[in-house]
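Chain and residue survey
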Amino acid sequence: MPRPPLYSSARAVVPEFRLSTLSPSASSSDELFGHPKGLYICFMTEMWERFAFYGMKALLLLYLVKHHLFAQADGTLLLGTYAGLAYALPLLGGLLADRYLGMRKAVLFGGILLVLGQLGMAWTGSAATGTTPANAVRDDVAIQVMYFSLALIGVGVGFLKPNISTIVGRLYSADDPRRDSGFTIFYMGINVGAWLASIVVAYVGEYIGWGYGFGLAGVMMALGLVQFVMGQKHLHGHAEPADPVMLEAPVFAGVSREWAIYLGGLVLAVGVWQMLQTRIDFAPLTAMLGGHQATLTEVVAVLMGVALYAWFVKLMFSGLSRKEKGGMVMLMVLITVSALFWGLYEQTYGPWVLMAEIGMDRNTLGIEWSSGQTTNFGALFVVLFSFPFAWLWPKLDKAGLNPSYPAKFAWGLVFCGLSFGILAYAAAHPGEAGKTSLWWMILAYAVLVMGEMVLSPVGLSAVTRLSIPRAVGLMMGAWFLFSAFGEIIAGRLGTWAAIEPDAAGKYDVPAALALYADVFTQMMWIGLAAGALLFLATPLLKRLTRE
Ligand code: GLN
């Protein structure tokens, strides 16, 4: 008899998994361009959610360093902690929507928290006075408002992101051949939102005012939410709670289960608010980390990672077949590798942005790009490369040349390493004015995104194919959890490239570029060495999954 899933929010992240319970798709009259209209409602909602998320990401480090005069290392650590929590919380948001809230209410609640958080970020208080992080006098109230706003956004993403994708899955019946293309269109929405954000939010934030940038992200998220509410009828009840009566039942002091969840979300935001700013004051650990204290989030992440591996070891002794075991071992290797990949990849929002700010001539193609705007090339290349890659895989498959999962991941690491090599070379060879050209960064992004294309979407497919069926939901949760670990690792690795201004608040450009050349070379070797190891392990991993 099949055992129940270990983690019931399977469909929060893998919509395919409850196919048998899906009702047939809506009548063809409710379609647009060959897809259910609801797809476009979800597309727009997720597009504006990612617009807010990536707009924030493009601005956050610059804002911390320039407005509040944070030390760069503290800035990258906060960026990693915040983004890490935003990728870890969807586990909870998916679970709560699955069991109680339903997707529509979860998206709405998450969206409201996101808007409030963005608007809170828009209140920037007064800029720090002083010239360096060491002598800065900061607006502590504004900084606390910022931490709380980041917490609201993190919890908001947790409620919104997994559930909006679930709705997409539910718009198609089990055997609808349009599912994959529906998800491709949806994934485009993610990257169009990210791209627009880097162009517009970064511009407004850096050139007009930080608060306007954050506020704009909030306003667009709010409009996205309005169209989500107005488009409800196109969702045809697919996003409703499983048991509305249970949701209305009071759980304490006359408060219904639904409102208890919302209150719980706010309490969680208070916890995250504290977590974002809690450091571990333990001298030996701080010394080990190059003088930059560990964050509480890092410690919790390590404990969660250990718990997951312990669960995995236990599973290995629970009577699985040889093939099942092999698949799970391969999957754990791939998921682990993905954290390293994202740890390097997310340097783009950390030291890459700072390099653009400090050591780059950003005048290219007749445009003076702002530092935050340089992040647009990531999303742009994802959109551009989606078409050739969608064409490539089936072609390679036909020719019997489609690489195995571990080989693809190894390529992902190699491309990632090479992109750092390109930027390290650029930093070591500045032009006549002493700065590097933006073209190097554009090239580095192109190579990095090649790595993303062979790893990120492939990873999702690997989870659904390699996991034992009853653990798919958990493993998909683990996939995103390891993205969260990647963000946290990125924050830590970013401290390697931190450089502080002189007493007058000016950066020593040659010294900064020399540091970037050095650190990016190390990151290149990490990527290449990990890729090489994975290539070596590939035949073994392949053998494990054979019958
Ligand atoms: N870029 C994708 C998104 O924002 C996936 C990122 C990830 O898994 N780390 O949804």
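Residues numbered from 1 in each chain as written. Predicted model: local features only at pLDDT ≥ 70, side-chain atom pairs only at ≥ 80, totals over all residues. Heavy atoms only, no water.

Our focus in this paragraph is the overall build of the chain. Helix and strand counts for the chain come out as 19 helices and 10 strands. Relative to the compact-globule value of 24 Å for 547 residues, the chain shows a C-alpha radius of gyration of 23 Å, a close match. Taken over the C-alpha atoms alone, the chain extends approximately 70 × 60 × 50 Å along its principal axes. By residue count, 59% of the 547 residues in the chain fall in the buried class. (Helix = DSSP H or I, 4+ residues; strand = E, 2+ residues; numbered from the N terminus. Rg over C-alpha atoms; globule rule 2.2 N^0.38 Å. Buried < 20%, exposed > 50% of the residue type's maximum accessible area, 1.4 Å probe, protein only.)

As a further point, take a nonpolar patch on the surface. Among the surface-exposed residues, Tyr203, Tyr207, Ile208 and Tyr212 lie close enough to one another that they form a single nonpolar patch of about 470 Å² accessible area. For the nonpolar patch, the leading source of residues is helix α7 (residues 179–208), giving three residues. Within the secondary structure, tyrosine 212 sits in helix α8 (residues 210–230). We classify tyrosine 212 as exposed; its relative accessible area is 58%. (Patch = residues over 30% accessible without salt bridge, like charges linked within 9 Å, V, L, I, M, F, W, Y side chains within 5 Å. Areas by Shrake-Rupley, 256 points an atom, 1.4 Å probe, with all protein chains shown as cover. Salt bridge = Lys/Arg side-chain N within 4 Å of Asp/Glu carboxyl O.)

Let us look at the packing of helix α4 (residues 90–101) against helix α6 (residues 140–170). Between α4 and α6, the least distance of the axes is 7 Å, while the angle of their chain directions is 65°. When the axis of α4 is compared with that of α6, the two are roughly perpendicular. Relative to α6, the crossing made by α4 is right-handed. Here Pro90, Gly93, Gly94, Leu96, Ala97 and Leu101 of α4 come into contact with α6, specifically with Val157, Gly158, Phe159, Pro162 and Asn163. (Axes fitted to C-alpha atoms, helices over the stretch in contact; angles between N-to-C directions. Parallel < 35°, antiparallel > 145°, perpendicular 65-115°, else oblique. Left-handed = near helix turned anticlockwise from the far one by under 90°. Contact = heavy atoms within 4.5 Å.)

Right, let's talk about the site of the ligand for a bit. Surveying the vicinity of the ligand reveals the residues Arg50, Tyr54, Tyr87, Lys161, Tyr187, Ile190, Trp342 and Ser483. Within the contact set of the ligand, an oxygen atom lies 2.6 Å away from a side-chain nitrogen or oxygen of tyrosine 54. Side-chain polar atom of lysine 161 to an oxygen atom of the ligand: 2.8 Å apart, as the coordinates give it. Residues that form the shell around the ligand fall into these classes: five nonpolar, one polar and two charged. (Near = heavy atom within 4 Å. Polar contact = N/O pair within 3.5 Å; in protein donor to acceptor, adjacent residues only side chain to side chain. Nonpolar A, V, L, I, M, F, W, Y, C, P; charged D, E, K, R; others polar.)

As a volume, the second largest pocket reaches approximately 370 Å³. Taken together, 19 residues make up the lining of the second largest pocket; nearest its centre are Glu298, Ala301, Val302, Ile488 and Ile489. The set of elements that each furnish at least two residues to the lining of the second largest pocket consists of α12 (296–316), α13 (322–345) and α18 (472–494). Residue composition of the lining of the second largest pocket, grouped by class: 15 nonpolar, two polar and two charged. (1 Å grid on protein atoms, 1.4 Å probe; cavity = no way out; pocket = protein on both sides within 12 Å on 5 of 7 lines; lining within 4 Å. Points joined across faces, edges and corners; volume = space filled by probe spheres on them.)

With respect to the helices and strands, histidine 67 occurs in the loop between α2 (37–66) and α3 (72–88). Judged by its relative accessible area of 9%, histidine 67 is buried. Engagement of the side chain of histidine 67 in a polar contact is seen with the backbone oxygen of threonine 124, the distance being 3.0 Å. Excluding residues within four positions of it along the chain, histidine 67 makes contact with Leu62, Thr124, Gly125, Ser126, Ala127, Ala128 and Trp210.

Scanning the model with the defined rule gives one cavity of 30 Å³ or more in all. Around the largest cavity sit 13 residues that line it, and Leu79, Glu346, Gly350, Ala490 and Gly491 are the ones nearest its centre. Those elements giving two or more residues to the lining of the largest cavity turn out to be α3 and α18. Its residues assigned to classes, the lining of the largest cavity shows four nonpolar, six polar and three charged.

Turning our attention to the pattern of salt bridges. Taken as a whole and judged by the stated rule, the model has 12 salt bridges. Lysine 161 is the salt-bridge partner of glutamate 46, the closest N and O atoms lying 3.2 Å from each other. Pair noted here: glutamate 46 is in helix α2 and lysine 161 is in helix α6, with a separation of 115 residues, a long-range link. Side by side, glutamate 46 and lysine 161 carry an identical accessibility label, which is buried. When the shortest N-O distance is used, the salt bridge between glutamate 298 and arginine 492 registers 2.9 Å. Here glutamate 298, found in helix α12, pairs with arginine 492, found in helix α18; they are 194 residues apart in sequence, far enough to count as distant. It is possible to trace a salt-bridge network through shared partners that takes in Glu46, Glu49, Arg50 and Lys161.

Turning our attention to the nonpolar core. Nonpolar side chains tend to gather and get buried jointly when the protein is soluble and globular. Within the largest apolar cluster, 167 residues are counted, with the highest numbers of intra-cluster contacts made by Met146, Tyr516 and Phe520. Among the elements that make up this core, the one with the highest residue count is α2 (18 residues). The contact partners of methionine 146, leaving out residues within four places of it in the chain, are Tyr63, Leu64, His68, Phe70, Leu78 and Met121. (Core = buried A, V, L, I, M, F, W, Y, C linked by side-chain atoms within 4.5 Å.)

Parts of the model with low pLDDT should not have their predicted coordinates read in detail. Averaged over all residues, the pLDDT of the chain equals 90, while 94% of them reach at least 70. Here residues 1–26 scores under 50 on pLDDT; set against residues more than four positions off or in separate chains, the count is 64 contacts. (pLDDT = per-residue confidence, 0-100.)

Attention now goes to the packing of aromatic side chains. What describes a pair of aromatic rings is the distance from one ring centre to the other and the angle between the planes of the rings. Scanning all chains against the criterion turns up 30 aromatic pairs. Ring geometry for phenylalanine 109 and phenylalanine 159: centres 4.9 Å apart, planes at 85°, overall edge-to-face. One end of the pair, phenylalanine 109, is in helix α5 (residues 103–122); the other, phenylalanine 159, is in helix α6, with 50 residues separating them in the sequence. Residues phenylalanine 109 and phenylalanine 159 agree in their burial class; the two are buried. Among the aromatic residues, ring-to-ring pairing joins Trp352, Trp369, Phe377, Phe420, Tyr445, Tyr516 and Phe520 into one connected group. The ring of tryptophan 393 carries the charged tip of lysine 408 above its face, separated from the ring centre by 4.2 Å. (Phe/Tyr/Trp six-rings, centres within 6.5 Å; stacked < 30°, edge-to-face > 60°. Lys NZ or Arg CZ within 6 Å of the ring centre and 35° of its normal.)

Here α3 crosses helix α10 (residues 257–276) at 155°, and the two axes come no closer than 10 Å. As the angle between them shows, α3 and α10 are arranged roughly antiparallel. Between α3 and α10 lies a crossing of right-handed hand. Facing Leu78, Thr81, Tyr82 and Leu85 of α3, the residues of α10 in contact are Val272, Met275 and Leu276.

Moving on, we come to the environment of leucine 101. Inspection of the secondary structure assignment puts leucine 101 in helix α4. With relative accessibility at 0%, the residue leucine 101 sits in the buried group. As a C-alpha pair, leucine 101 and tyrosine 262 span 161 residues in sequence and 9.8 Å in three-dimensional space. Sequence-distant contacts of leucine 101, that is, excluding residues within four places in its chain, are made with Leu96, Ala106, Phe159, Pro241, Leu247, Glu258, Ile261 and Tyr262.

What follows deals with α18. Compared with an ideal rise of 1.5 Å per residue, which puts 23 residues at 33 Å, α18 spans 33 Å between its outermost C-alpha atoms and is within 8% of the ideal. With 21 of 23 residues buried, α18 lies mostly within the body of the structure. (Expected span 1.5 Å × (residues − 1).)

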